[in-house]
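Coordinate analysis (summary)
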Amino acid sequence: MRLLPRLFLRRAFIFSLLLALAAASSEGQAAAQFPPDWTNALGLLADKIAAVTKRGEGLSVEVKNISSLSAADVDGLRQLLVTDLSRRNRRVLTESSADAALQVTFSESADGYVWIAQILGGDKENVVMVSVAAPNHRASTKEAPLTLHRKLIWEQDAKILDFGILGEGTAGGSSTLIVLDTDKLSFYRSEDKGWKLARAVDLPHGRAAQRDVRGRLDLQAGKAELPGAECTGDFQHPETVTCSSITTTADPETPRQPIAIQGRSVQDYAVLAGTCGDDSLTLASGTGDWTEPDFIQAYGGRNPSAASQPIQVPGPVLELRRNDGGKSARVVSRNLKTGVYEASIVSVSCDD
Amino acid sequence: MKLRLCLCLATISVVLAGAAPLPPARRPHYGGTLRVEIGATLQSLDPAGVATSREEADAKAELDALLYDQRGEDGTFVGTAGSGPFRLSSWEAGKRATFAANQDYREGRPFVDSIEIQLGRPAHDRVVDLELNKTDFATIPPEQARQATDRGVRVSVSQPNELLALVFLGSRSGKESTRIREAIARCIDRAAIVNFILQKEGEPAGGLLPHWSSGTTFLFPTEMDVRTAKEIWSQISPSPYLVLGYDSTDTLEQSVAERIVVNAKEAGISSVSRALPASGKASPGQVDGSTRGAAIRVDARLVRLRMPSPLPRISLTVFINRLEPIAGIVDSPVPQSASPEDVYYCERSIMNSGLVVPIVWMPQVYGLSARVRDWKQPAAGEGWPLADVWLDSTDPQ
């Protein structure tokens, strides 16, 4: 008989421990899904709420989302806020038993997210808020019979004219990423799953600025060309590369005949070698202005028809060129959300 | 598998663009003349010249942005005319102007060779010319945007970035005045103004900043509350007779002022709307306090405030500076490092004073011909990006 209460106490303790662990784990999961600046901002919001409420005060919490946050994110953030408030000795209760109502609104401004808490109750209304930078969203790809994949290689503020990778896939050797922009030719060595600047060669100044300047890299020949300037050397050895002014101001891009795809004239396209036992495929971008998001799609056949689902690009595709070997294409685009220029490789995979 | 077979059988070939008419290419190209029509009858582009109306001041600022490369700290253009993307090549005061592309422009010469600007075209004629493809680019009053769209005009609408507000002149003070202002603010049917006068091209305004900029507009109510307005008004003795002023050259302001008078009457408030001389010195976001102490007695007047920046802190600072001479708002400046919370409390303090009664947020509306490509809506505070646009065919059809 004397054992029973002891057994009960032990079981109750284990049960409480399990509950606490479960709560901590779910809180940890919620926190883990968010960037640190979000969790810090939420902590700051909890501090501010605590500053205008009393210790031990019961709050009913209502959450509203008028931002681009997903419902799942909002649920997770609510859960975290409730935990943060509990840590600050504020109890979250139902509306009927609460001392004050806490209305939390996840909003968005020109600067980023704004998370606002209104404490309703008593004579005056208190409003506290925190701001959080909104993350950039990346485009997702869709499933298709032939699937296109876009791999982002590099992004930067300056306009990318062309890029290329030397030594990719070679055993033991490191790869070199070469980026030609309007001001310089840069060489990056692959290092720790990233790219580290090895050398940047400035292009000669005094060239007339052009609004739609185009440039081209020839990796095998070790040559970069753009109107008014040229760089030459062994691209495997960046220290040998020099850039100089040239008199020609012509567009180095070889004029190409436009092609007709599904009734529209396409000037920018890349013809890839047959990847899936087929004949060649043509990759082309959309028809919109350079003010709109874009897409890349593969077309095949004598009268080209769609051979893949389009992959979305979060801004206009500015350059679309076949890579050496013809297995993939290099794409320069401008992300309209962030304003940065993106260099990516688009390749094709086969569905069996 | 079917697709694979199809691809195997077919040899992909490049089909050259042939005789059949095809939609245009998308890579920008140079050349052509962009035809622009504006309503203002500008007499001079002299930087020291004074515009005689808000419309003129707005148009001058846009044209200056094409001619000058840099702005001074106060937002006015500085440097040499022609340092911008275009140079003035001909000028006929009040009638037309021609701008030529600046070959040496810092950011590269514009795509179009020139811009021909026809001045003094009324709004209705501008829409008709867009419809008939006689012009490539024209501003459209927001209240006419829907009609223009219905008529097949290609219309580009910005985020709402211009506030129309009723501003009480700072001469009255005391508890009574606070009640008067509150009664007026509560009786206005903003939703009706947006739906019927602006033809749904706008948003009811409860604060000094739009939602897309501050994210806090839901904290400022916009609902009409006639019952409370009546109650407040009944406590004021003797009931004053309010005069609401509007710019005599602005038909939208006139319609809104008349609508407010009707709303006020429903709440038992005696008021009248009165046309005021155009506020000549006004520039985007500016208002003219010249009616204070003038022969025409006015208790409040409608003003337009255009955002100089998408950032809430900057816009609020400029609005406060420009409202101060009219309404006598005394508020500490918004600090450089102001947080969204600081901006909100600053805005809240102005709203609590009741001196400014926001009515509606309006967008900027532009009509474009089909051959104009790469047009991107300018953000709040930016000029028309005409250096970036190009023409799909250089000859107008």
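See above for the structure.
This structure is a prediction, so every number in the text was calculated from the model and none was measured.

Residue and element names in this part refer to chain A. Sheet architecture is open: four strands sit in the order S6-S24-S23-S22, paired in antiparallel fashion. Here the strands that pair on one side only, and so sit at the sheet edges, are strand S6 (146-156) and strand S22 (317-322). The sheet shows a mean angle of 20° between the axes of neighbouring strands, taken without regard to direction. Sheet analysis places S6 next to strand S24 (residues 341-350), joined by 10 bridges and oriented antiparallel. What sits directly across from His-149, in S24, is Ser-347.

All names here are of chain B. Residues of helix H8 (residues 226-234) that are buried: Ala-229, Ile-232 and Trp-233. Along the axis of H8, the buried positions cluster into a sector of 100°, meaning they face one direction only. The outward face of H8, more than 90 degrees from its buried face, is lined by the exposed residues Arg-227 and Ser-234. Of the surrounding elements, those touching the buried residues of H8 are helix H5 (175-187) and strand S11 (242-247).

So, about the side chain of Glu-143 of chain B. In this structure, Glu-143 of chain B sits in the loop between strand S7 (137-140) and helix H4 (145-150). Other than its neighbours up to four places away in sequence, Glu-143 of chain B contacts Ile-197, Leu-198, Gln-199, Thr-251 and Leu-252 of chain B.

To continue, consider the sheet that holds strand S11 (residues 216-218) of chain A. All names here are of chain A. Judged by pairing direction, the sheet is antiparallel, and its four strands sit side by side in the order S11-S12-S13-S14 without closing on themselves. Single-partner strands in this sheet number two, and they are S11 and strand S14 (242-245). Pairwise comparison of adjacent strand axes, ignoring direction, gives a mean angle of 15° for this sheet. With four bridges connecting them, strand S12 (residues 223-226) and strand S13 (residues 229-232) associate as antiparallel partners. In the strand pairing of S13, Glu-225 is matched with Glu-230.

Residues and elements named next belong to chain B. Among the nonpolar cores identified, the biggest contains 71 residues, and Leu-166, Val-256, Ile-269, Leu-302, Val-356 and Ile-359 are the most heavily contacted of them. Beyond its immediate chain neighbours, meaning those up to four positions away, Val-356 contacts Ala-165, Leu-166, Val-167, Leu-208, Leu-323, Ile-329, Ile-350 and Met-351. By size, the runner-up hydrophobic cluster in this structure holds 31 residues, among which are Leu-63, Tyr-68, Val-372 and Trp-384.

Turning to the pairing of S13 of chain A, a few remarks are in order. All names here are of chain A. Alternating residues of S13 divide into Ala-229 and Cys-231, all buried, and Glu-230 and Thr-232, none buried. Taking the residues that link successive antiparallel strands as the turn, the S12-S13 hairpin has two residues, and the phi of Gly-228 there is positive, at about 85°. When S13 meets S14, the two strands line up antiparallel, connected through four bridges. Paired with Glu-230 across the bridge in S14 is Ser-244.

All names here are of chain A. Enumeration over the complete set of coordinates arrives at one disulfide over all chains. Here Cys-231 is linked by a disulfide to Cys-243, with a sulfur-sulfur distance of 2.0 Å. When the S-S torsion is 105°, as for the bridge of Cys-231 with Cys-243, the disulfide is right-handed. You can see Cys-231 sitting in strand S13 and its partner Cys-243 sitting in strand S14, a full 12 residues away along the chain. Given a relative accessible area of 0%, Cys-231 falls into the buried group.

Evaluated as defined, the whole model comprises 14 aromatic pairs over all chains. Pairing Tyr-113 of chain A with Trp-115 of chain A gives two aromatic rings, centres 6.5 Å apart and planes at 25°, and the pair type is stacked. Take Tyr-113 of chain A and Trp-115 of chain A: they sit in the same class, and that class is buried. With a centroid separation of 5.0 Å and an interplanar angle of 65°, the aromatic rings of Tyr-344 of chain B and Tyr-345 of chain B are classed as edge-to-face. A relative accessible area of 3% means that Tyr-344 of chain B is categorised as buried. When its relative accessible area of 36% is taken as the criterion, Tyr-345 of chain B is described as partly exposed. The structure contains a cluster of three or more aromatic residues connected by ring pairs, namely Phe-34, Trp-38, Phe-106, Tyr-113 and Trp-115 of chain A.

On to the environment of Ser-273 of chain B, then. Residue and element names in this part refer to chain B. Here Ser-273 is to be found in strand S12 (residues 271-276). Through-space distance from the C-alpha of Ser-273 to that of Val-256 is 9.6 Å; in sequence the pair is 17 residues apart. Beyond its immediate stretch of four places on either side in the chain, Ser-273 contacts Leu-244, Tyr-246, Ala-257, Glu-258 and Val-261.

Attention now moves to the packing of H5 of chain B against H8 of chain B. A pair of packed helices can be characterised by two numbers: the angle between their axes and the separation between those axes. All names here are of chain B. Put simply, H5 and H8 touch, their axes get as near as 8 Å, and they point 160° apart. Overall, the two elements H5 and H8 adopt an arrangement that is roughly antiparallel. Between H5 and H8 the crossing geometry is left-handed. Every residue of H8 that contacts H5 at Arg-179, Ile-180, Glu-182, Ala-183, Arg-186 and Cys-187 is listed here: Val-226, Thr-228, Ala-229, Ile-232 and Trp-233.

Time to look at the packing of helix H6 (residues 190-197) of chain B against helix H9 (residues 251-266) of chain B. Residues and elements named next belong to chain B. At a closest axis distance of 11 Å, the pairing of H6 and H9 adopts a crossing angle of 140°. The angle between H6 and H9 places the two elements in the oblique class. Here H6 runs over H9; the crossing is right-handed. Packed against H6, whose contacting residues are Ala-192, Ile-193 and Ile-197, the element H9 presents Leu-252, Ser-255, Val-256 and Arg-259 at the interface. When the residues that make up the contact of H6 with H9 are grouped by side-chain class, the tally is five nonpolar, one polar and one charged.

The subject of this paragraph is helix H3 (residues 123-131) of chain B. All names here are of chain B. For H3, the complete set of buried residues consists of Ala-123, Arg-126, Val-127, Asp-129 and Leu-130. The arc enclosing the buried residues of H3, seen along the axis, measures out at 160°, which places them on a common side. Those residues of H3 that are buried are in contact with strand S1 (33-37), helix H2 (54-67), S7, H4 and strand S15 (365-368).

Analysis parameters
- Residues numbered from 1 in each chain as written.
- Chains lettered and ligands numbered in written order.
- Predicted model: local features only at pLDDT ≥ 70, side-chain atom pairs only at ≥ 80, totals over all residues.
- Heavy atoms only, no water.
- Pairing = 2+ DSSP bridges.
- Helix = DSSP H or I, 4+ residues; strand = E, 2+ residues; numbered from the N terminus.
- Axes fitted to C-alpha atoms, helices over the stretch in contact; angles between N-to-C directions.
- Buried < 20%, exposed > 50% of the residue type's maximum accessible area, 1.4 Å probe, protein only.
- Arc of directions from axis to C-beta.
- Contact = heavy atoms within 4.5 Å.
- Core = buried A, V, L, I, M, F, W, Y, C linked by side-chain atoms within 4.5 Å.
- Disulfide = S-S within 2.5 Å.
- Phe/Tyr/Trp six-rings, centres within 6.5 Å; stacked < 30°, edge-to-face > 60°.
- Parallel < 35°, antiparallel > 145°, perpendicular 65-115°, else oblique.
- Left-handed = near helix turned anticlockwise from the far one by under 90°.
- Nonpolar A, V, L, I, M, F, W, Y, C, P; charged D, E, K, R; others polar.

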